[in-house]
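Observations on the model geometry
Spelled out, the chains give:
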Amino acid sequence: MTYFERVGKLSSMILVVSVILLSVLSYFYPTVFAWLSPFSYPLYAISFFFIGTQISWSMVGAVRFQFRPLLIGLLSQCLIMPCIAFLIAQGVQLSPEAFLGFMLIACCPGGLATPLWVYLSRGDVPLTMGLKLVHTLLSPILIPVLFWIFTSQTVPIPVEEMFLLFSLVILLPFLLGISVGSATFKINLKRAQSSVPLLVIIPVCLTVSSSMAHADLSALWKITSDPLLLAVILLHLGGWLWGWGIARWLGCSLTQQITISLETPSRNTHLAIWIVVSSLSPYALVPIIVYHLWQYLAGSFVTYLFSVLLKRNGDLGENHSAQNK
């Protein structure tokens, strides 16, 4: 086993430690990390490429037969999350501006980092990519309709920017990686593939550190209503628990449960920011920024928990098989 392979097995733990450490450092030394923001998208694209090299076309094709987990994941993301957000917003009594931003983030599609978390937690990568593709394609219709249902307001959707970001950063690098990995020179990629778990950590850490550096947390606390942080935590926790519970109850496999649970609360905060800047009050940005920071911190921690759970489940299965022999 190479050095990268040994370290790669600890990637989810390294992710949690790195995110916490960089969050603290970027808060106290923002100028050191603020310049990193432009590099996150290229590194995401590189990560999706190398993840694609470990996926075969047959695995991608099998997603179309996973109708049940796809439907569960889509309904959880598209319909359940806005309902949970509305109930929480009414319960904690958010201000009108915070309510708009809070509902908007619940209506947006899945976030950029979720497939990386799914990969690090050993979830179902083709399933998460399928969910992200379908939800993104439906977003130009779903976001305005859902936002109007819950807020009685309409918002324009930057369709071109949304599809361009999804295509260039996620879809095309991932498909190119599958093509390269399926080619005849796949053996030459083995050493590079062993370092993929460490590579995947880098864009997540860059996003967290640059976001913390740009976010004026003291100003956020001054203009944020007291229950907003609680609402954000409850929304993320509610989506995570719903995704895990409904997938488990309906008989999905453990990897599918992990994937749906990670996908359900994940939101595309970049898209939400674009919409707010073009059509809503600047104060509606506050819940989006808070959710953006929280989902990276909590998502990294949940990724570690799921990787431990799946590893323990695999170890138990191996011990049980050995005993049967």
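Scroll up for the structure.
For clarity, every value in this text was computed on a predicted model and none was experimentally measured.

Our next topic: the overall build of the protein chain. Each helix and strand counted, the protein chain has 17 helices and zero strands in total. Pairs at least 24 apart in sequence give 85% of the contacts found in the protein chain among residues at least 6 apart. With an accessible surface of roughly 15,200 Å², the protein chain has 69% of that area assigned to carbon and sulfur atoms.

Before going further, it helps to examine the packing of aromatic side chains. A complete count under the given rule lists six aromatic pairs for this structure. Relative to Phe150, the ring of Phe86 has its centre 5.5 Å away and its plane inclined at 45°; by these criteria the two rings are tilted. Remark: Phe150 occurs in helix H9 (residues 125-151) and Phe86 occurs in helix H6 (residues 67-92); sequence separation between them is 64 residues.

In this fold, Val208 is placed in helix H12 (residues 196-214). For Val208, a relative accessible area of 5% gives the class buried. Linking Val208 and Ser23, residues 185 residues apart in sequence, is a C-alpha distance of 6.6 Å. Ignoring any residue separated from it by four or fewer positions in sequence, one finds Val208 in contact with Val19, Ser23 and Tyr296.

In this structure, Leu94, Phe102, Leu104, Ile143, Leu235 and Leu280 are the most contacted members of the largest nonpolar core, which totals 39 residues. Residue assignment for this core shows that the elements contributing at least two residues are H6, helix H7 (96-107), H9, helix H14 (227-249), helix H16 (269-279) and helix H17 (285-324). Here this core gets nine residues from one element, more than from any other, and that element is H7. Dropping the residues within four chain positions of it, Phe102 is found in contact with Ala85, Ile88, Ala89, Leu94, Ala231, Val232, Leu235 and Pro287.

To continue, consider the environment of Ser121. Structurally, Ser121 is set in the loop between helix H8 (114-120) and H9. Linking Ser121 and Thr255, residues 134 residues apart in sequence, is a C-alpha distance of 8.8 Å. The contacts of Ser121, once residues within four sequence positions are left out, are Ile258, Leu262, Thr303, Phe306, Ser307 and Leu310.

The next subject is the packing of helix H4 (residues 40-52) against helix H10 (residues 159-181). Remark: H4 packs on H10, axes separated minimally by 6 Å, with the N-to-C direction vectors making an angle of 30°. By the angle class used here, H4 and H10 are roughly parallel. Classified by chirality, the crossing of H10 by H4 is right-handed. Contact residues: H4 offers Tyr41, Tyr44, Ala45, Phe48, Phe49, Ile51 and Gly52, while H10 offers Leu165, Leu168, Val169, Ile170, Pro173, Phe174, Leu176, Gly177, Ile178 and Val180. For the contact of H4 with H10, the class distribution of residues is 15 nonpolar, two polar and no charged.

A separate point is H6. With 26 residues, H6 ought to run about 38 Å at 1.5 Å a step, and its terminal C-alpha atoms sit 36 Å apart, in line with that. The sharpest bend along H6 measures roughly 40° and falls at Ile80, with the proline Pro82 sitting one to four residues further on. Phi turns positive, to about 60°, at Gln93, one or two residues after H6.

Rules behind the numbers
- Here the residue numbering is sequential within each chain, running from 1 through the sequence in written order.
- In keeping with the model being predicted, local features are shown solely for residues with a pLDDT of at least 70 and side-chain atom pairs are shown and tallied solely at 80 or more, while totals for entire chains, interfaces and linings include all residues.
- Side-chain metrics in this entry use all non-hydrogen atoms of the structure; hydrogen atoms and water are not considered.
- Only DSSP runs of H or I covering at least 4 residues are called helices, and only runs of E covering at least 2 are called strands; the numbering of each starts at the N terminus.
- Contacts were defined at the residue level, with two residues in contact if any of their heavy atoms lie within 4.5 Å.
- Under the convention used here, a 1.4 Å probe and the Shrake-Rupley method define accessible areas, while residue burial counts only the protein chains that appear.
- Here is the rule: rings of Phe, Tyr and Trp (six-membered ring for Trp) pair when centre to centre is within 6.5 Å. Planes less than 30 degrees apart are stacked, more than 60 are edge-to-face, and the remainder are tilted.
- Residue burial is assigned from relative accessible area. The probe radius is 1.4 Å, only protein chains are included, and a residue is buried under 20% of its type maximum, exposed over 50%, and partly exposed in between.
- What is meant by a nonpolar core is a set of buried Ala, Val, Leu, Ile, Met, Phe, Trp, Tyr and Cys residues, joined one to another through side-chain atoms within 4.5 Å.
- Every axis in this analysis is a line fitted to C-alpha atoms, fitted for helices over the stretch in contact. Angles between the N-to-C directions lie between 0 and 180 degrees.
- The scheme is simple: roughly parallel for angles under 35 degrees, roughly antiparallel for over 145, roughly perpendicular for 65 to 115, oblique for anything else.
- Crossing handedness is defined as follows: a turn of the near helix away from the far one that is anticlockwise and smaller than a right angle gives a left-handed crossing, while the clockwise case is right-handed.
- Ten residues, namely Ala, Val, Leu, Ile, Met, Phe, Trp, Tyr, Cys and Pro, are considered nonpolar, four, namely Asp, Glu, Lys and Arg, are considered charged, and the remaining ones, Gly among them, are considered polar.
- Multiplying 1.5 Å by the helix residue count minus one yields the expected span of that helix.
- Here the bend at each residue means the angle between axes fitted to two seven-residue stretches, the one ending at that residue and the one beginning there.

Worth remembering: the numbers are spatial, not functional.
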